[in-house]
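So you can see what is in the structure, the chains are spelled out below.
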Amino acid sequence: MMRFYLLCTSMMLGSALLTGCSREQQVVVDARDLDPFSEEAFCAWHIGSPQIGQEIFERPVLADGAGCVTCHSRSPETRLVGPSLYGVAVTAAERQKGIIPANYLYLSIVDPSFYVTPGFPADVMPDHYAGTLSEEEITDLVSYLMTLYPDE
Ligand code: HEC
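Residues numbered from 1 in each chain as written. Predicted model: local features only at pLDDT ≥ 70, side-chain atom pairs only at ≥ 80, totals over all residues.

We now examine the overall build of the chain. Tallying secondary structure elements over the chain gives 8 helices and 0 strands in all. Taken from the N to the C terminus, the helices and strands of the chain come in the order α-α-α-α-α-α-α-α. When contacts within the chain are restricted to residue pairs at least 6 apart in sequence, long-range pairs at least 24 apart make up 55% of them. (Helix = DSSP H or I, 4+ residues; strand = E, 2+ residues; numbered from the N terminus. Contact = placed C-beta atoms within 7 Å.)

As structure tokens, then:
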């Protein structure tokens, strides 16, 4: 399993301070090895590239992409096949008691049936992403989804 080396670059330190993650937690870890409800897991997700994640999210299936945009809007008014991901960085925390939002998002991508969003059909979201996207791509996707806060 891929290891992520969390070096304290100035950006990372900035986000670590914002979230209250301590320097000690910025070590060599893989978020998936950690208890998904723990603070360590939350800190471990502060890696990945939201920019690349957004590209992956928006690349259509026809262009060999993951096709997330086909089923998920990012605006509060538009409902496609799946739930709108407007503000999902916040709603992810409300789906299961105590879960670290990034872990919820990670699990939603690799194992959509672990929690079926109320009001939406099960078995519609593809369950192949763990096999078709690399771990790095999934991490980038999670980092991107974690930037989707509701507007003020
Ligand atoms: C064919 C349609 C479809 C595609 C493609 C799809 N999803 Fe989904 N997704 C769904 C549906 C339907 C649900 C709700 C049911 C469930 O939880 O499985 C869902 C649920 C989710 C959730 C949980 C949202 C919440 O509010 O609880 C996330 C996060 C998510 N998808 C992310 C993604 C990402 C990232 C991709 C691309 C890698 C993707 N989905 C591709 C249909 C899709």
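Below, the discussion takes up the nonpolar core. Residues V88, A102, L105, Y106, L141, V142 and L145 are the most contacted members of the largest nonpolar core, which totals 20 residues. The element best represented in this core is helix α6 (residues 101–110), accounting for 6 residues. (Core = buried A, V, L, I, M, F, W, Y, C linked by C-beta atoms within 7 Å. Buried ≥ 20, exposed ≤ 12 C-beta atoms within 10 Å, placed from the backbone.)

It is at 8 Å that the axes of helix α5 (residues 88–95) and α6 come closest, and there the two elements cross at 90°. By the angle class used here, α5 and α6 are roughly perpendicular. Of the residues in α6, those in contact with V88, A89, A92, A93 and R95 of α5 are P101, Y104 and L105. Looking at the contact of α5 with α6 residue by residue, the class counts come to 7 nonpolar, no polar and 1 charged. (Axes fitted to C-alpha atoms, helices over the stretch in contact; angles between N-to-C directions. Parallel < 35°, antiparallel > 145°, perpendicular 65-115°, else oblique. Nonpolar A, V, L, I, M, F, W, Y, C, P; charged D, E, K, R; others polar.)

As a further point, take the site of the ligand. In the vicinity of the ligand, 28 residues are found, and the nearest of them are C68, C71, G82, F120 and M125. Elements with a minimum of two residues in the shell around the ligand: α4 (68–71), α5, α6 and α8 (135–145). (Near = placed C-beta within 6 Å.)

With that settled, consider unusual backbone geometry. Even without a glycine there, the phi angle at D64 is positive, about 65°. Position of D64 relative to the elements: it lies in the loop between α3 (50–58) and α4. Here D64 falls in the exposed class, since 9 other C-beta atoms lie within 10 Å of it. Backbone geometry at D123 places phi at a positive 60°, although glycine is not the residue there. Residue classification places D123 among the exposed positions, given that 9 C-beta atoms sit within 10 Å.

With that out of the way, let us pick up the packing of α3 against α8. It is at 7 Å that the axes of α3 and α8 come closest, and there the two elements cross at 100°. Classified by the angle their axes make, α3 and α8 are roughly perpendicular. Residue-level inspection shows P50, I52, G53, Q54, I56 and F57 of α3 in contact with α8, the latter providing E137, D140, L141, S143 and Y144. Its residues assigned to classes, the contact of α3 with α8 comprises 6 nonpolar, 3 polar and 2 charged.

Here F57 is to be found in helix α3. Linking F57 and D140, residues 83 residues apart in sequence, is a C-alpha distance of 9.5 Å. With residues near it in sequence (within four places) discarded, F57 still touches C68, V69, L141 and Y144.

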